[in-house]
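# A look at the structure
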Amino acid sequence: QVQLVESGGGLVQAGDSLRLSCAASGLTFTFYTMGWFRQAPGKEREFVARINWSGGNTYYADSVQGRFTISRDNAKSTLYLQMNSLKPEDTAVYYCAAPQVMFRNFEKPSDYDYWGQGTQVTVSS
């Protein structure tokens, strides 16, 4: 059974940084692209970033490009999201996700099959 467990969220001020982690189990982590998504109150879940199975290819939403960095440690089956220069509009529940299909890159929430429980990030102005 695939399990994804996020941690690292919290309440910070604008301009601060946070690092999210996602511990994965129940899948051969090194075979799968992994993604970060977020959902703010009253809004649809949106793509934030994804990283391919080897870590050699990344892709970001325009809204976080240059501020957020996605990375992974395949030896630890852990995904990370380093968030710098946080803004109030980054406030959301952040989710990590994995697809069922191996060795393919995806950016749409509908392409991902396994989701963590989410971690709240709140950025005050």
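The notes below deal with the structure included here. The structure presented is a predicted model; accordingly, all values stated were derived computationally and were not measured.

The next subject is the state of the cysteines. Throughout the structure, instances matching the rule amount to 1 disulfide. Sulfur-sulfur distance for the disulfide between Cys-22 and Cys-96 comes to 2.0 Å. Since a negative S-S torsion denotes a left-handed disulfide, the Cys-22-Cys-96 link at about 50 degrees is right-handed. Placement of the pair is Cys-22 in strand S3 (residues 18–25) and Cys-96 in strand S9 (residues 92–98), with a sequence separation of 74 residues. Given a relative accessible area of 0%, Cys-96 falls into the buried group.

Below, the discussion takes up the packing of aromatic side chains. Taken as a whole, this structure holds 9 aromatic pairs when the rule is applied. For the pair Phe-37 and Phe-47, a centre-to-centre distance of 5.8 Å together with 75 degrees between the ring planes defines the contact as edge-to-face. On the criterion of sequence distance, the pair formed by Phe-37 in strand S4 (residues 34–39) and Phe-47 in strand S5 (residues 46–51) is long-range, its members being 10 residues apart. Looking at Phe-37, the relative accessible area reads 0%, which means it is buried. When the ring centre of Tyr-95 is taken as origin, the NZ or CZ atom of Arg-45, which lies over that ring, is 3.8 Å away. A cation over a ring is seen here: Arg-45 above Trp-115, with NZ or CZ 4.6 Å from the ring centre.

So, about the side chain of Arg-72. Considering the arrangement of structural elements, one finds Arg-72 in strand S7 (residues 68–73). Buried within the structure, Arg-72 lacks any salt-bridge partner; Asp-73 is the closest side chain of opposite charge, at an N-O distance of 8.4 Å. Within the local environment of Arg-72, its side chain forms a polar contact with the side chain of Asn-74, the two groups lying 2.7 Å apart. Leave out the neighbours within four places in its chain, and Arg-72 touches Phe-29, Thr-30, Tyr-32, Thr-33, Met-34, Ile-51, Asn-52, Trp-53, Gly-55, Thr-78, Leu-79 and Tyr-80.

What follows covers the nonpolar core. Among the nonpolar cores identified, the biggest contains 34 residues, and Trp-36, Leu-79, Leu-81, Met-83 and Tyr-94 are the most heavily contacted of them. Put simply, the parts of the chain that give this core at least two residues each are S3, S4, S5, S7, strand S8 (78–83), S9 and strand S11 (119–124). Looking at which element gives the most residues to this core, the answer is S9, with 5 residues. Apart from residues lying up to four places away in sequence, Leu-81 is in contact with Leu-18, Arg-19, Leu-20, Trp-36, Val-48, Ala-49, Phe-68, Thr-69, Ile-70 and Tyr-94.

Criteria and cut-off values
Residues numbered from 1 in each chain as written. Predicted model: local features only at pLDDT ≥ 70, side-chain atom pairs only at ≥ 80, totals over all residues. Heavy atoms only, no water. Disulfide = S-S within 2.5 Å. Helix = DSSP H or I, 4+ residues; strand = E, 2+ residues; numbered from the N terminus. Buried < 20%, exposed > 50% of the residue type's maximum accessible area, 1.4 Å probe, protein only. Phe/Tyr/Trp six-rings, centres within 6.5 Å; stacked < 30°, edge-to-face > 60°. Lys NZ or Arg CZ within 6 Å of the ring centre and 35° of its normal. Lys, Arg positive; Asp, Glu negative; His and termini not counted. Salt bridge = Lys/Arg side-chain N within 4 Å of Asp/Glu carboxyl O. Polar contact = N/O pair within 3.5 Å; in protein donor to acceptor, adjacent residues only side chain to side chain. Contact = heavy atoms within 4.5 Å. Core = buried A, V, L, I, M, F, W, Y, C linked by side-chain atoms within 4.5 Å.

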